[in-house]
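Breakdown of the fold
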Amino acid sequence: MTVILEFTLPAESFSFGRATGGDPDVLVEIERLVPAGDDRIPFLWATGEEFDRFERHLRDSEIVERVERSTRIGDSALYSVEWHDGKEPFLNGLLDTGGTIVEGSGDDAWSFTVRFADPSDLERFHQFYHAHDYPLEIERIHSHDETAEIEFGAGLSPAQREALRLAVEHGYFSIPRETTLEEIAEDLGISRQAVSERVRRGTESVLHHSITGIDPGREEAEETAAE
């Protein structure tokens, strides 16, 4: 039975978080894709107004071999990153115990949604992070069946669905607006940038599904299977 784990982790407590935390005004998100070969997290999205400090800090990190900005769209930029093997023990441990990162974003703290193919893999990960004293805060553990409608219904992740639900219920899309991203962020206990990214990407997924009739997550999976 597939198990979904949602947790947060302070950026300063693991190498990847420190490498991507060079600018508190920049939100970083892992690009959702299935990497080829042995590459782990080859692409990152950064959202903010300026990226110079973020880029310098990322390039200077001991776990980074190469960084290249691939494209910029509005206030978001996509980066291609090569990492030194073995220098990120937390993420290596997560992936080596059978975890697949479904979603990840962070600034001063990182939020992850991770899929485990079997509960025994989750138990191995639990033993791993306890043995190394990583200060995880578990937000939710649930089965894949509980989220199947969410994941394959407009391609929304659980975090995006919750952010959009609050945005709709509190009148963020009303004219005039009845709430702000800051207020939604306070309800969720996360940063304004994190809420902005979830609402933006969630809205994009819903529009994509409404116009094409195809769930983005399912479309990505079919494209990967065809390669």
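Our structure is the block above this text.
Below you will find a few notes about this structure. On a predicted model such as this, the values are computed, not experimentally measured, just so you know.

**Observations regarding the sheet that holds strand β4 (residues 64–73)**
Strand order across the open sheet formed by eight strands is β4-β5-β3-β2-β6-β7-β1-β8, with antiparallel pairing between neighbours. Where the open sheet ends on each side, the last strands, each with one partner, are β4 and β8 (137–143). Averaged over all neighbouring strand pairs, the angle between strand axes comes to 20 degrees, with direction disregarded. The sheet contact formed by β4 and strand β5 (residues 76–83) spans eight bridges and is antiparallel.

**Thoughts on the packing of aromatic side chains**
This model, assessed by the stated rule, comprises 19 aromatic pairs. Seen from their ring centres, Phe14 and Phe112 are 6.2 Å apart, and the 65 degrees between their planes marks the pair as edge-to-face. Placement of the pair is Phe14 in the loop between β1 (3–10) and α1 (15–19) and Phe112 in strand β7 (residues 109–116), with a sequence separation of 98 residues. Accessibility classification places Phe14 together with Phe112 in one group, the buried group. Between the aromatic rings of Phe54 and Tyr79, the centroid separation amounts to 5.5 Å while the plane-to-plane angle is 65 degrees, which identifies the pairing as edge-to-face. Pair noted here: Phe54 is in helix α2 (residues 52–60) and Tyr79 is in strand β5, with a separation of 25 residues, a long-range link. Of the residues examined, Tyr79 reaches a relative accessible area of 0% and is grouped as buried. Taken together, Phe7, Phe14, Phe16, Trp83, Phe90, Trp110, Phe112, Phe116, Phe125, Phe128, Tyr129 and Tyr134 form an aromatic cluster joined through their ring pairs.

**Things to note about the pairing of β7**
Buried residues dominate β7, accounting for six of its eight residues. As paired elements, β1 and β7 share eight bridges and run antiparallel to each other. Counterpart to Leu5 in the pairing with β7 is Val114. The pairing of strand β6 (residues 99–106) with β7 spans seven bridges and is classified as antiparallel. Bridged to Gly106 within β7 is Trp110. Hairpin geometry of β6 and β7 is characterised by an intervening segment of two residues between the two adjacent antiparallel strands.

Rules of the game
Residues numbered from 1 in each chain as written. Predicted model: local features only at pLDDT ≥ 70, side-chain atom pairs only at ≥ 80, totals over all residues. Heavy atoms only, no water. Pairing = 2+ DSSP bridges. Helix = DSSP H or I, 4+ residues; strand = E, 2+ residues; numbered from the N terminus. Axes fitted to C-alpha atoms, helices over the stretch in contact; angles between N-to-C directions. Phe/Tyr/Trp six-rings, centres within 6.5 Å; stacked < 30°, edge-to-face > 60°. Buried < 20%, exposed > 50% of the residue type's maximum accessible area, 1.4 Å probe, protein only.

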